[in-house]
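Topology and contacts: notes
Here's the letter readout for the chains.
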Amino acid sequence: MSSIYLPRAADALAFAMSTYGIPLLVLATTGSAVLTGAAFALEWIPRLAAFGWAGSIVDRRGASVVFHLASLGRALVLAAGAVLLYLYPSGAVASVTVMVLAAATGVLTEFSYIAVETAGAAAGRRAGPRAHRVQAALLGIDQTATLAGPALAGVLLLAGPPSMLAVVTVLSLLAALLALRTPPSPVAPARAPKGRPGAGLVTGWRTIRALPALGWLVAGLTLSNLATGLLQAAGPVIVVQHFGQSTTAVGLVWSAAAAATLVAVTVCRFALDRLGLWPVGAACSVIASLACLAAALAPDYLSYLVMVAVLMAADGGLAVVLRTLRSRLIPPETFGSTLAATILILLLPFPVAGVLTALTPPDALGHVITACAALQTLGLFCAFTRLRTDPALRT
């Protein structure tokens, strides 16, 4: 399993540092809440556009090849950004550089993520009835990276943007090298349609429609992600401008959330052995909904940090349920395309969250988060009510 876990760890840390660090980089470079929200949207919009290619390319070329090339490309882009910010630490060039970094790293990170998830699903299938243990381990790696990544990005940012970008560059290069050790994944037949970016998404969408359990869970989690995405996008503005904390404190929020998620994933691993998917998923959905509502009303930084940590811990439990269900239900030969389609749906709320952050006055962000938390509660309630008797979630 080291051939799966080691490259996953390097890529996950690079993913966490870029995803959470680049909005911090924009805020530190420009001082603008509007540009911070716009950068968050720019991170996610190109990712969504890339899904039409990513899933079908992974199905055709294999996970290890796509993983290697995407990680190598991200390293080159970050290295160029570090050089430019070293030469032009402020002004128009710096602003353009950080915004381009947000878009470019978003695309390349999504290709590597689809590839590494496909490799992880193949490992889960090889584990048979213990698939949820593999998925819990992979999610644990992701959350460990999220624990270290935002805090590390915040600390390195104090030494200057080039330092932060240089570290992420090294991690991306390491991921590219380790990707060569990743076992090959199943590939689609050569006769499958080629050359159309939407073909993979069409295949994935048809697979989701043929699997009602997966469809309902994805629908509920999509509404949930609007709330969590808004908390991520607005995090720098809320913590720095509303609570008067530093950029390091923003990273601490997500590091605390990752630590809580690690504990939750461990608990869910044993709970799934005893209780099954539906009870664990339903419990996590209730906790997530209540914590998001509480975070929107948090009176100070500490209570905000605690509620975000509880929310993300519950979201981690839901992620284990989703990953296990995906590895069980999706046919191996179309896994990349279906994974791309499911993640595309799940990520659609994130650029919306960035736009909402950019358009909403900082003092009104709490009200918007409360409204999104209400949508989250409704979506998860409907999903798990529908799934209560579904045989796919009984084991």
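Residues numbered from 1 in each chain as written. Predicted model: local features only at pLDDT ≥ 70, side-chain atom pairs only at ≥ 80, totals over all residues. Heavy atoms only, no water.

When helices and strands are tallied, the chain shows 14 helices and zero strands. The 395 residues of the chain split such that 58% are buried. In the structure as shown, the chain presents an accessible area of about 14,900 Å², 72% of it carried by carbon and sulfur atoms. (Helix = DSSP H or I, 4+ residues; strand = E, 2+ residues; numbered from the N terminus. Buried < 20%, exposed > 50% of the residue type's maximum accessible area, 1.4 Å probe, protein only. Areas by Shrake-Rupley, 256 points an atom, 1.4 Å probe, with all protein chains shown as cover.)

With that settled, consider a nonpolar patch on the surface. Taken together, the side chains of Val83, Leu84, Tyr86, Leu87, Tyr88 and Val93 define a hydrophobic patch exposed on the protein surface, amounting to about 600 Å² of accessible area. Among the elements that take part in the nonpolar patch, helix α3 (residues 63–87) stands out by supplying four residues, more than any other. Looking at the element boundaries, Leu87 is found in helix α3. (Patch = residues over 30% accessible without salt bridge, like charges linked within 9 Å, V, L, I, M, F, W, Y side chains within 5 Å. Salt bridge = Lys/Arg side-chain N within 4 Å of Asp/Glu carboxyl O.)

This part covers the pattern of salt bridges. Following the criterion strictly, the structure yields three salt bridges and no others. In this structure, Asp11 engages Arg74 in a salt bridge whose closest nitrogen and oxygen atoms are separated by 2.9 Å. Of this pair, Asp11 sits in helix α1 (residues 2–30) while Arg74 sits in helix α3, and the two are 63 residues apart along the sequence. Residue Arg323 pairs with Asp142 through a salt bridge whose shortest N-O separation is 2.9 Å. Remark: Asp142 occurs in helix α5 (residues 131–158) and Arg323 occurs in helix α11 (residues 301–329); sequence separation between them is 181 residues. Here Arg323 falls in the buried class, since its relative accessible area comes to 7%. Residue Asp142 is classed as buried on the basis of its relative accessible area, which comes to 12%.

A word on the packing of helix α10 (residues 277–296) against α11. Closest axis-to-axis distance for the α10/α11 pair is 8 Å, and the angle between their directions is 150°. Between α10 and α11, the angle falls in the class roughly antiparallel. The handedness of the crossing between α10 and α11 is left-handed. Contacts from Leu277, Gly281, Cys284, Ser285, Ile287, Ala288, Ala291, Cys292, Ala294 and Ala295 in α10 reach Tyr304, Met307, Val308, Val310, Leu311, Ala314, Gly317, Leu318, Val321, Thr324, Leu325 and Arg328 in α11. Its residues assigned to classes, the contact of α10 with α11 comprises 17 nonpolar, four polar and one charged. (Axes fitted to C-alpha atoms, helices over the stretch in contact; angles between N-to-C directions. Parallel < 35°, antiparallel > 145°, perpendicular 65-115°, else oblique. Left-handed = near helix turned anticlockwise from the far one by under 90°. Contact = heavy atoms within 4.5 Å. Nonpolar A, V, L, I, M, F, W, Y, C, P; charged D, E, K, R; others polar.)

Attention shifts here to helix α14 (residues 365–386). For α14, spanning 22 residues, the distance from its first C-alpha to its last is 32 Å, which sits close to the expected 32 Å at 1.5 Å a residue. Among the residues of α14, those classed as buried are Leu365, Ile369, Cys372, Ala373, Gln376, Gly379, Leu380, Ala383 and Phe384. In a view along the axis of α14, the buried residues occupy a sector of 130°, so they form one face of it. The outward face of α14, more than 90 degrees from its buried face, is lined by the exposed residues His367 and Phe381. Residues of α14 that are buried sit in contact with α8 (212–242), α10, α11 and α13 (349–359). (Expected span 1.5 Å × (residues − 1). Arc of directions from axis to C-beta.)

The next subject is the nonpolar core. With 120 residues, the main nonpolar core has Trp254, Tyr304 and Val308 as its most contacted residues. The element contributing the most residues to this core is α8, with 14 residues. When neighbours within four sequence positions are excluded, Trp254 is seen to be in contact with Tyr20, Thr146, Pro150, Leu231, Gln232, Val308 and Met312. (Core = buried A, V, L, I, M, F, W, Y, C linked by side-chain atoms within 4.5 Å.)

If a probe as big as a water molecule is rolled over the atoms, it shows which places are left empty. Using the criterion set out here, one finds four cavities of 30 Å³ or more in the structure. Estimated volume of the largest cavity: approximately 790 Å³. Along the wall of the largest cavity there are 37 residues; nearest its centre are Phe15, Tyr113, Gln143, Asp315 and Arg323. At the level of elements, α1, α2 (33–61), α4 (92–127), α5, α8, α9 (247–275), α11 and α12 (335–347) are the ones that each hand at least two residues to the lining of the largest cavity. For the lining of the largest cavity, the element with the highest residue contribution is α11, accounting for eight residues. (1 Å grid on protein atoms, 1.4 Å probe; cavity = no way out; pocket = protein on both sides within 12 Å on 5 of 7 lines; lining within 4 Å. Points joined across faces, edges and corners; volume = space filled by probe spheres on them.)

For the rest of this paragraph, the subject is the side chain of Thr338. With respect to the element layout, Thr338 can be found in helix α12. For Thr338, a relative accessible area of 0% gives the class buried. Side chain to side chain, Thr338 and Thr207 meet in a polar contact 3.4 Å long. Sequence-distant contacts of Thr338, defined by excluding residues within four places in its chain, comprise Gly204, Thr207, Ile208 and Ile330. (Polar contact = N/O pair within 3.5 Å; in protein donor to acceptor, adjacent residues only side chain to side chain.)

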